[in-house]
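Overview (structure and organization)
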Amino acid sequence: MKITYKYPVFRNRLHKIAAFSVLVVGITTSAFSEVTYNPDKNTWSGSGTYSETINVSGDTIFNCSAGNITLTGPITGTGTIRHTGPANTLLLKSDLSGFTGTISNEINRWIEMYSVAGNSTTSGDTSMWDMSHISFTASHTQGFALASQIDVPTAIFAFGDMSTSNASTTIQSSSKSSTVTSTNAKSLIICEVGALNKNSTYAGKFEITANTLSALIKSALENGH
């Protein structure tokens, strides 16, 4: 990079240094935002998109204080994914077929779940994101927001278990679903819960968002409410 100074070097040395410092700070804050891992604390933090494989062992924290974290790479392991904050959203677009642990939303910000080609299977007019081997839990009003980005009229989200003691906790269809070509509408979102047979209690709500044509249907729960 070539830097051209407008003023003579010695006369305006302080002016030039100050201007250059502002330029460096601007580059640092905008261009180097990233998601990083601290092995000593088993914690992921930062903001942006992480596309590599993550193996979840024990309590693995995703601290979204600095901004939204989007995961697109495969997730494996048997531990617990803990969404902590105190702010911002964890977005999951990952292949979870190799993960058999728990996903826990511990702050009042959504975990957004995106059904995409890389994590779901499609048969005819229906897609299926099979998470029937995974337990889900939430503590606050904002629980899990479900979106389909596959061009099919019906998208099924299959959860192994869903639990909360908070009556305000919400699972909802998301306005971020893409529009289906054949219907010119959002996918119908179907939520299936209970394959792990844990006898858990879900005291929360299932909601259809007002600003989307999607619908959210709660299947007959074999366990709990």
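Above this text you will find the structure in question.
Just so we're clear, the structure is a prediction, and the values are computed from it rather than from any experiment.

Reading the values: the criteria
- Residues numbered from 1 in each chain as written.
- Predicted model: local features only at pLDDT ≥ 70, side-chain atom pairs only at ≥ 80, totals over all residues.
- Heavy atoms only, no water.
- Salt bridge = Lys/Arg side-chain N within 4 Å of Asp/Glu carboxyl O.
- Helix = DSSP H or I, 4+ residues; strand = E, 2+ residues; numbered from the N terminus.
- Buried < 20%, exposed > 50% of the residue type's maximum accessible area, 1.4 Å probe, protein only.
- Phe/Tyr/Trp six-rings, centres within 6.5 Å; stacked < 30°, edge-to-face > 60°.
- Lys NZ or Arg CZ within 6 Å of the ring centre and 35° of its normal.
- Core = buried A, V, L, I, M, F, W, Y, C linked by side-chain atoms within 4.5 Å.
- Contact = heavy atoms within 4.5 Å.
- Pairing = 2+ DSSP bridges.
- Axes fitted to C-alpha atoms, helices over the stretch in contact; angles between N-to-C directions.
- Polar contact = N/O pair within 3.5 Å; in protein donor to acceptor, adjacent residues only side chain to side chain.

**Overview of the pattern of salt bridges**
- Applying the stated criterion across every chain yields a total of 4 salt bridges.
- A salt bridge links arginine 82 to aspartate 59, with the shortest nitrogen-to-oxygen separation between them at 3.9 Å. Of this pair, arginine 82 sits in strand β8 (residues 80-84) while aspartate 59 is found in strand β5 (residues 59-63), placing the two residues 23 residues apart along the sequence.
- Relative accessible area serves as the criterion here: at 23%, arginine 82 is assigned to the partly exposed category.
- With relative accessibility at 45%, the residue aspartate 59 sits in the partly exposed group.
- In this structure, glutamate 106 and arginine 82 form a salt bridge, with 2.8 Å as the shortest nitrogen-oxygen distance. Taken as a pair, glutamate 106 in the loop between β11 (102-105) and β12 (111-115) and arginine 82 in strand β8 lie far apart in primary sequence, 24 residues in all.
- Take glutamate 106: its relative accessible area is 25%, and that puts it in the partly exposed class.
- Through salt bridges with shared partners, one network takes in Asp59, Arg82 and Glu106.

**Regarding the packing of aromatic side chains**
- The tally for this structure, following the rule as stated, stands at 7 aromatic pairs.
- A centroid spacing of 4.6 Å and a plane angle of 85 degrees characterise the contact between phenylalanine 136 and phenylalanine 159, whose relative ring orientation is edge-to-face. Within this pair, whereas phenylalanine 136 is found in strand β14 (residues 126-138), its partner phenylalanine 159 is found in strand β16 (residues 154-163), the two being separated by 23 residues in sequence.
- Judged by relative accessible area, which is 1%, phenylalanine 159 ranks as buried.
- Members of the aromatic cluster, joined through ring pairs, are Tyr37, Trp44, Tyr50 and Phe62.
- The cationic tip of lysine 93 hangs over the ring face of tyrosine 114; the distance from NZ or CZ to the ring centre is 4.8 Å.

**Quick look at the nonpolar core**
- One finds Ile103 and Met113 to be the most contacted residues of the largest nonpolar core, which totals 34 residues.
- Breaking this core down by element, the ones donating at least two residues are β4 (54-56), β6 (69-71), β9 (90-92), β12, β14, β15 (142-148), β16 and β20 (188-193).
- Ranked by the residues each element gives to this core, the list is headed by β14, at 5 residues.
- Beyond its immediate sequence surroundings of up to four residues, isoleucine 103 is in contact with Ile81, Leu92, Leu96, Ile111, Ile134, Ser135, Phe136, Thr137 and Phe144.

**Topic: the sheet that holds strand β10 (residues 98-99)**
- The strand order across the open sheet built from 3 strands is β4-β7-β10, with neighbouring strands paired in parallel fashion. At either margin of the open sheet sits one strand with a lone partner, and together these are β4 and β10.
- Pairing between β4 and strand β7 (residues 75-77): 3 bridges, direction parallel. Across the sheet, residue asparagine 55 finds its bridge partner in β7, namely threonine 76.

**Some details on the pairing of β20**
- Side chains of β20 alternate between two faces, with Ile189, Cys191 and Val193 buried and Leu188, Ile190 and Glu192 left unburied.
- Bridge count between β16 and β20: 6 bridges; the pairing is parallel. Note on β20: the bridge partner recorded for phenylalanine 157 is cysteine 191.

**Details of the sheet that holds strand β17 (residues 170-173)**
- Pairing is parallel across the open sheet formed by 7 strands, whose spatial order is β3-β6-β9-β12-β15-β17-β21. Each having just a single partner strand, β3 (48-50) and β21 (205-207) make up the two edges of the open sheet. Going from strand to strand, the sheet's axes swing by 20 degrees on average, the running direction of each strand aside.
- Pairing of β6 with β9 involves 3 bridges; the strand directions are parallel. Looking at β9, one finds that threonine 70 is bridged to leucine 91.

**With respect to the environment of serine 200**
- Looking at the secondary structure, you find serine 200 in the loop between β20 and β21.
- For serine 200, a relative accessible area of 15% puts it in the buried group.
- Sequence separation of serine 200 and threonine 164 is 36 residues, and the distance between their C-alpha atoms is 8.6 Å.
- A distance of 2.9 Å separates a polar atom in the side chain of serine 200 from a polar atom in the side chain of aspartate 161.

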